[in-house]
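Each chain, letter by letter, is given below.
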Amino acid sequence: MTSTGSVVESVEAGNATVSLGNVRRTYYLGEPVHALDGVSLDLPDGSFTAVMGPSGSGKSTLMNMVGCLDTPDEGTVHVEGRNVTALSGSERAQLRGTELGFIFQQFNLMPRLTAAENVTLPLVFNDAVDVDRRERAETLLSRVGLGDRLDHAPPELSGGQRQRVAIARALVNEPSLVLADEPTGNLDTGTGAEIMDLFAELHAASRTILMVTHERHIAEHAERIVHLVDGQIQEIEQLDSGAHTGGSQ
Amino acid sequence: MKVTESFRISWRAITGHKLRSGLTTLGIIIGVGSVIVFMVLGGAFEQNIAQEIEEGNDEPGMWVHTQQADSGFGDSPFVRAKFFTDSDVAALESIDTVEFVAPSARFPVAQLTHDGHQRTGGFAVEATTPERLEGDVVEGDTFAAEDEIVLTEEATDLVEGGLSVGDEVEISFDGAGSETFTVVGIVEPTSTGGNSLVPTAGYVSLSNYETTIETPDGNQERAYRELIVAAESSEVLDQAQQDTLKYLRSDSDAAQLKEDEHVLKAQTVDDAIDQVGDIVDQLTVFIGGIAGISLVVGSIGIANIMIVSVTERTRDIGVMKAVGARKRDVIQLFLVESVILGAIGALLGVLVGLGFGYLGVSVIGWPMVLPTDWILIAVFIGVTVGVLSGLYPAWRGAKVDPIEALRHE
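Quick notes on the rules
- Residues numbered from 1 in each chain as written.
- Chains lettered and ligands numbered in written order.
- Predicted model: local features only at pLDDT ≥ 70, side-chain atom pairs only at ≥ 80, totals over all residues.
- Heavy atoms only, no water.
- Helix = DSSP H or I, 4+ residues; strand = E, 2+ residues; numbered from the N terminus.
- Rg over C-alpha atoms; globule rule 2.2 N^0.38 Å.
- Buried < 20%, exposed > 50% of the residue type's maximum accessible area, 1.4 Å probe, protein only.
- Areas by Shrake-Rupley, 256 points an atom, 1.4 Å probe, with all protein chains shown as cover.
- Lys, Arg positive; Asp, Glu negative; His and termini not counted.
- Charge placed at Lys NZ, Arg CZ, Asp CG, Glu CD.
- Contact = heavy atoms within 4.5 Å.
- Buried area = accessible area lost by both parts, 1.4 Å probe.
- Salt bridge = Lys/Arg side-chain N within 4 Å of Asp/Glu carboxyl O.
- Polar contact = N/O pair within 3.5 Å; in protein donor to acceptor, adjacent residues only side chain to side chain.
- Nonpolar A, V, L, I, M, F, W, Y, C, P; charged D, E, K, R; others polar.
- Pairing = 2+ DSSP bridges.
- Axes fitted to C-alpha atoms, helices over the stretch in contact; angles between N-to-C directions.
- Core = buried A, V, L, I, M, F, W, Y, C linked by side-chain atoms within 4.5 Å.
- Phe/Tyr/Trp six-rings, centres within 6.5 Å; stacked < 30°, edge-to-face > 60°.
- Lys NZ or Arg CZ within 6 Å of the ring centre and 35° of its normal.

1. A short note on the overall build of chain A
Move 1: Helix and strand counts for chain A come out as 9 helices and 10 strands.
Move 2: Radius of gyration (C-alpha) of chain A: 18 Å, near the 18 Å computed for a compact globule of 249 residues.
Move 3: Overall, chain A is about 50 × 40 × 40 Å in size when its C-alpha atoms are taken along their principal axes.
Move 4: Looking at chain A as a whole, 54% of its 249 residues are labelled buried.
Move 5: Working note: accessible area of chain A is about 10,400 Å², and carbon and sulfur atoms make up 45% of it.
Move 6: The positive charge centre, built from 18 side chains, and the negative charge centre, built from 35, are 6 Å apart in chain A.

Dropping the structure here:
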């Protein structure tokens, strides 16, 4: 276990996919609630970071900050070197579309689109990308073991299969960062383990991953666990998981 | 985001709720359909009148009469007073381009009797000059004497047993005595002027006509409510019309006899058709406008269902925003969806409207006229209704907060 300070040391300058600097976010629900209270955190390229903490600790808010869905009241957020605070709403949308991949607890697939169409949905909003979508979807779905389910609609798929489609969707734009919010929260233990194997593969392929979870055994798949309490980083726990050889250099 | 993409995704949303989408478009179908039906009926009615007027008027001519000055709204009523004197008739006849002038005076008929069979009212007898009937005679000859009558073809079966040349008929006029006439000829329908609501059954000599007026010169002359002025040929019809109007408005007795708010008119058949067309057009647009109210109801239906749709798909909107959809992408998606609903409604409405319109005119026996303008207008309105009713829901969708939306159950 190490302290907050050692994280800063471990980050090589200019090599972070995401960098949070003293981020504060306050909600006013009758009285002010400090969802994030001065959080500084770097996600180095190729790192796999888990965030744990009790409910109300600011996990979701941190996730939204890194995911460019929310902006801080104070402090800075940089994604791929770009200052998110300075971007307009549609610029942040485009940044999400090109640099980020989201994986949710509820899978969040579009119910009326097929698996293949769901996978390529981010490309629909990105006119710049001109690829054979069908081929791209087929490649990605095969990679998550659903090569034969291209034209199935989400309601025809099991929970684990849906989450695999969601993972394929998160990868379709070759993102700099994959964000996962309780990716196994709606799955049974066996299926959850299969999904975590996929995360291990992503990590091995040098993807940068940020995962929020409240389950210790899930968090242990990461290289390090950030413990959040009351909107502050209480501790950053380094895990010496030998399985993850493709982690940060 | 490409528009074709939004069509694909929106179409999926529409077909995903077939019943709901169907009922929503039904509002537009009924709106556009009823407008089209009235346009078809109005167009057919107009065409029918135009044909009837043309059928009775194969010779170039015009109808001279008096109207109230334009009141600024619609058409001005006809004046029943008699201003055109025998001197006017003579003067008009002397115009080079005019072939003949036939004064026309109509007597409403109370009863017609032949061989013990009677027919009561509902038609008129017209006193005029024999020239006017030349060319229209299909049997016998035009009248030469005061007690001779020429019947129209329709009038031959007014009484049981029918009427034919050589028959004697006794006609009693409204508010006047009765006279006996000998049928000397049959004519096909001829120009009867534009303001005759009752059909003309026959024509008699002007010698039966005795209404006089004191002319500006102080003489007593016969005066007529309307004149039929025939042109030498259709080539000089325009010239004849100008000459006639010029005389009427300057030197004529009628110009001095009429009151200030009266206007003397010389209408050709085309003018009359135009005038009828204008009246029918106004009526059609008025009724069509009332039918158009259902379009407003239809568009409220679309707006309503789109708002429901946005609320239902809040989570989907959140997902789309998370994966890179901008506000304008979301607006585009929902606008395309409501435009599709509006456009489909309008297209089906046009088909339904044409179908019912065709059915209607077929039953009545009018000619079918395709209201091309209105079909285009209807489709345009359908798309516009789609845009308008989609604007607010789309805007609501666009401002959905993705963080809230993704938490939405």
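Read on, since the account is not over.
2. A word on the interface of chain A and chain B
Move 1: At the junction of the two partners, chain A supplies 25 residues and chain B supplies 24 residues.
Move 2: Between chain A and chain B lies a buried interface of about 2,400 Å² when both sides are counted; carbon and sulfur atoms form 58% of it.
Move 3: The interface formed by chain A and chain B includes 3 salt bridges.
Move 4: Taking the shortest distance from any N to any O, the salt bridge between R12 of chain B and E117 of chain A comes out at 2.6 Å.
Move 5: At the boundary of chain A and chain B, one finds 7 residue pairs in polar contact (both at pLDDT 80 or more).
Move 6: Secondary-structure elements contributing two or more residues to the side of chain A that touches chain B are α3 (89–99) and α5 (121–124) of chain A.
Move 7: Among the residues forming the side of chain A that touches chain B, the class breakdown is 11 nonpolar, 7 polar and 7 charged.

3. Comments concerning the sheet that holds strand β4 (residues 74–79) of chain A
Residues and elements named next belong to chain A.
Move 1: With respect to topology, 4 strands assemble into an open sheet ordered β2-β1-β4-β5, the strand pairing being antiparallel. Among the strands making up the open sheet, the edge pair consists of β2 (31–44) and β5 (82–83).
Move 2: Summarising the sheet, β4 and β5 pair through 2 bridges and their orientation is antiparallel. Counterpart to V79 in the pairing with β5 is R82.
Move 3: In this fold helix α2 (residues 59–66) packs onto β1 (16–29), β2 and β4, with an angle of close to 130° to the strand it touches most, β1.

4. Describing the sheet that holds strand β6 (residues 100–103) of chain A
The strands making up a sheet associate through hydrogen bonds between their backbones, and the pairing can be parallel or antiparallel.
All names here are of chain A.
Move 1: With mixed pairing, the 6 strands of this open sheet are ordered in space as β6-β7-β8-β3-β9-β10. Taken across any chain shown, the strands that pair with only one partner, and hence form the sheet edges, are β6 and β10 (232–238). Sheet twist, expressed as the mean angle between neighbouring strand axes with direction ignored, is 20°.
Move 2: Where α2 meets the sheet, it contacts β3 (48–52), β6, β7 (177–181), β8 (208–212) and β9 (224–229), and its direction lies at approximately 155° from that of β7.

5. Digging into the environment of L171 of chain A
Move 1: Positionally, L171 of chain A belongs in helix α7 (residues 159–171).
Move 2: Excluding residues that lie within four positions of it along the chain, L171 of chain A makes contacts with L140, V178, L202 and R207 of chain A.

6. What about unusual backbone geometry?
Most peptide bonds take the trans form, and the phi angle of most residues other than glycine is negative.
All names here are of chain A.
Move 1: Phi at S206 is positive, roughly 70°, even though this residue is not glycine.
Move 2: Within the element layout of this structure, S206 appears in the loop between α8 (189–204) and β8.
Move 3: Relative accessible area serves as the criterion here: at 45%, S206 is assigned to the partly exposed category.
Move 4: Of note, D230 is a non-glycine position whose phi angle comes to about 50°, a positive value.

7. With respect to the nonpolar core
Residue and element names in this part refer to chain B.
Move 1: By size, the foremost hydrophobic cluster in this structure holds 44 residues, and its most contacted members are V64, L92, L112, I149, V169, I171 and L227.
Move 2: Ignoring anything within four residues of it in the chain, the contact list for V169 reads L112, T113, H114, I149, L163, E179, T180, F181 and V183.
Move 3: I14, M306, L333 and L354 belong to the second largest nonpolar core, which has 40 residues in total.

8. A word on the packing of aromatic side chains
Move 1: In the structure shown here, the tally under the stated rule is 7 aromatic pairs over all chains.
Move 2: Ring geometry for F48 of chain A and F199 of chain A: centres 6.3 Å apart, planes at 20°, overall stacked. Here F199 of chain A lies in helix α8 and F48 of chain A lies in strand β3, a separation of 151 residues in the sequence. Side by side, F48 of chain A and F199 of chain A carry an identical accessibility label, which is buried.
Move 3: Ring pairing ties together the aromatic residues F107, F173, Y209 and Y224 of chain B, which thus form one cluster.
Move 4: Taking NZ or CZ as reference, K399 of chain B lies 5.0 Å from the ring centre of W395 of chain B, over its face.

Note that all results are geometric; they support no functional claim without further evidence.
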